[in-house]
Amino acid sequence: MRKIQDFNFKDIKAIVRVDFNVPLDKETLEVTDDTRIRGALPTIRKITGDGGSCILMSHLGRPKGRMEKFSLKPVLPVLEKHLGMKVLFADDCLGDSAVKMTAGLKPGEVLLLENVRFYPEEEGKPVLPETAGEEEKKAAKAELKAKQKEMAGKLASYAGVYVNDAFGTAHRAHASTAVIAGFFPDDRKMFGFLIDSELAAMDRVLKDAGRPFTAVMGGAKVSDKILIIENLLDRVDNLIIGGGMTYTFIRAMGGRIGNSLCEEDKLDLAKAIIEKAGTKGVNFLLPVDGVNADSFDAGADTYVSAIDDVRDGWMGLDIGEKTISLFEDVIMKSKTVLWNGPMGVFEMDKFAAGTTAIARAVARATEQGAFTLIGGGDSVAAINKNDLADKVSYVSTGGGAMLEYMEGKTLPGIAAIRG
Ligand code: AMP
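Model, not experiment: these values are computed from the prediction.

Rules of the game
- Numbers given for residues are sequential positions, taken from 1 along each chain in its written order.
- Totals for whole chains, interfaces and linings use every residue, but because this is a predicted model, local features are given only for residues with pLDDT of at least 70 and side-chain atom pairs only at 80 or more, for both listing and counting.
- Only hydrogens and water are set aside when side-chain values are computed; all heavy atoms of the structure are taken into account.
- Working definition: residue near molecule or strand if any one of its non-hydrogen atoms lies within 4 Å of it.
- Counting of polar contacts relies on pairs of N or O atoms within 3.5 Å, with two restrictions inside protein: one atom must be capable of donating a hydrogen and the other of accepting it, and residues adjacent in sequence are counted only when both atoms are side-chain atoms.
- The Shrake-Rupley method, run with a 1.4 Å probe sphere, supplies the accessible areas, and residue values consider only the shown protein chains as cover.
- Here the term charged refers only to Asp, Glu, Lys and Arg, the term nonpolar to Ala, Val, Leu, Ile, Met, Phe, Trp, Tyr, Cys and Pro, and the term polar to all other amino acids, Gly among them.
- Paired rings are identified among Phe, Tyr and Trp, the last through its six-membered ring, by centres lying within 6.5 Å, and are further divided according to the angle between planes into stacked (under 30 degrees), edge-to-face (over 60) and tilted (the rest).
- By definition here, charges over rings are those cases where NZ of Lys or CZ of Arg is within 6 Å of the ring centre and within 35 degrees of the ring normal.
- Note that domain bounds follow an automatic or database assignment of domains.
- Note on contacts: a residue pair qualifies if any of its non-hydrogen atoms lie within 4.5 Å across the two residues.
- What gets called buried area is simply the loss in accessible area from a 1.4 Å probe that two parts show on being joined, summed for both.
- In this analysis, a patch consists of residues with relative accessible area above 30% that form no salt bridge, clustered at 9 Å for like charges and at 5 Å for the nonpolar side chains Val, Leu, Ile, Met, Phe, Trp and Tyr.
- Between Lys or Arg on one side and Asp or Glu on the other, a salt bridge is scored when a side-chain nitrogen of the former is within 4 Å of a carboxyl oxygen of the latter.
- A positive count includes Lys and Arg, and a negative count includes Asp and Glu. His and the chain ends are not counted in either.
- Charge placement uses NZ in Lys and CZ in Arg. For Asp and Glu, CG and CD serve respectively.
- Secondary structure counts use DSSP, requiring at least four H or I residues in a row for a helix and at least two E residues in a row for a strand, with both numbered from the N terminus.
- Any residue under 20% of the maximum accessible area for its type is buried, any over 50% is exposed, and the rest in between are partly exposed; the area is computed with a 1.4 Å probe on protein chains only.

Side note on the site of the ligand
And step 1. Every one of the 14 residues lining the ligand counts as a neighbour, but Ala-220, Gly-244, Gly-316, Glu-347 and Asp-378 are closest to it.
And step 2. Within the side chain of Glu-347, one N or O atom sits 2.5 Å away from an oxygen atom of the ligand.
And step 3. Starting from 500 Å² of accessible surface for the ligand in isolation, the protein chains cover 80%.
And step 4. By residue class, the composition of the shell around the ligand is five nonpolar, five polar and four charged.

This is how it looks when you write it as structure tokens:
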């Protein structure tokens, strides 16, 4: 497999799939967080620095056809500021403007193509009325798949090399993330620096973890995290559970959880996970105490109780202090920590203490030499909110993609290059 650092892009046009799916201000359409744009800069600089030219393509949001509020135009000034140069813009990724501008691109130049999702064939998922029959659905899907291939072929025709640096969409088999790679020979396609570093961080945790290895799983639902939990049970020494999913486990063990979040249809599964952890010798840690509220509200009345003794009508919205000490202790003794999902409803200050404490403990463990990987939108937000991003080993940019990789799944955007 080609490595970007070993490739010389001199006089070569590279088409690069980046993840510029950035948040925009609803009124002004200005970029409100440029993390993803900054993430793509090393790859762009490498290509232009070698004397190559760079054709950037990305999606933004979920447009249904061409919709101006999903235009990538607001990205331009931010990108120009970071690169310190003019960036060209084609207002359609497949139209005449793109064909002409890519053909005329000179070494050192950068061109951004308009949102690839203005075309439904990018994703290849037909939008059909609910009344559509099976045959109709099948035919529409086949037609769109053919168009997807056509779109990928057209994008590929703009350049001599394909670089995928959009980790956030690597779990999608879209025209610009996976299908396009089929149009380039093995030595003309590669990952960008961002995907390379994401893969290195995840592989270090999955295949080469220093021990003890602790996974901290939080967030709302067991059902979202079940596959990753099962995959991790084969790898970790400690599995810490926090957040809303705690209560499905506590309920499964016969505890009182009041109105706390609970997935009734996952109780058997929760029991099976606890048993599996036991047979695998994994130290399975649930919270021992929690902060309970009388309503899901920032101004709610609260009290602390044992995790399995929540009063009727109350709900657990954060882990308690005893739990924080217990979890901190395990994290501080770890050599590898993977953290995904908040410990409570951290969006409300009143229920953010548990998540903040875990974020700080992960940073302290890093300082002591542990390798720490944080993934998933909410835990990343918690790390950023506490200004700890540069105090942990790696913060993943791809929530869904990271989860799927950690679940052991093959990501189409990765497989299309790695083989
Ligand atoms: P997820 O997307 O599954 O990682 O879940 C994140 C969401 O879980 C956040 O919006 C949190 O507010 C929410 N959450 C965390 N702990 C709890 C809890 N104890 N009860 C209800 N929601 C929670």
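With respect to the packing of aromatic side chains
Ring pairs (aromatic) are described by centroid distance and by the angle formed between their planes.
And step 1. A full pass over the atoms with the stated rule returns four aromatic pairs.
And step 2. Above the face of the Tyr-303 ring, Arg-311 is positioned so that its terminal group lies 3.8 Å from the ring centre.
And step 3. Between Arg-311 and the ring centre of Trp-314, over which it is positioned, the NZ or CZ distance is 5.3 Å.

A word on the domain arrangement of the chain
And step 1. Domain annotation for the chain reports domain 1 (4-191) and domain 2 (199-406).
And step 2. Domain 1 puts six residues into the contact, and the matching count from domain 2 is nine residues.
And step 3. Carbon and sulfur atoms make up 70% of the area that domain 1 and domain 2 hide from each other, which totals about 590 Å².
And step 4. Put simply, domain 1 and domain 2 have zero residue pairs in polar contact (both at pLDDT 80 or more) between them.
And step 5. Of the residues belonging to the side of domain 1 that touches domain 2, the class tally is two nonpolar, two polar and two charged.

Brief notes about a positive patch on the surface
And step 1. A surface patch of positive charge is lined by Arg-62, Lys-64, Lys-125 and Arg-172.
And step 2. Relative to the helices and strands, Lys-125 is located in the loop between strand S4 (110-113) and helix H4 (134-157).
And step 3. Residue Lys-125 is classed as exposed on the basis of its relative accessible area of 56%.

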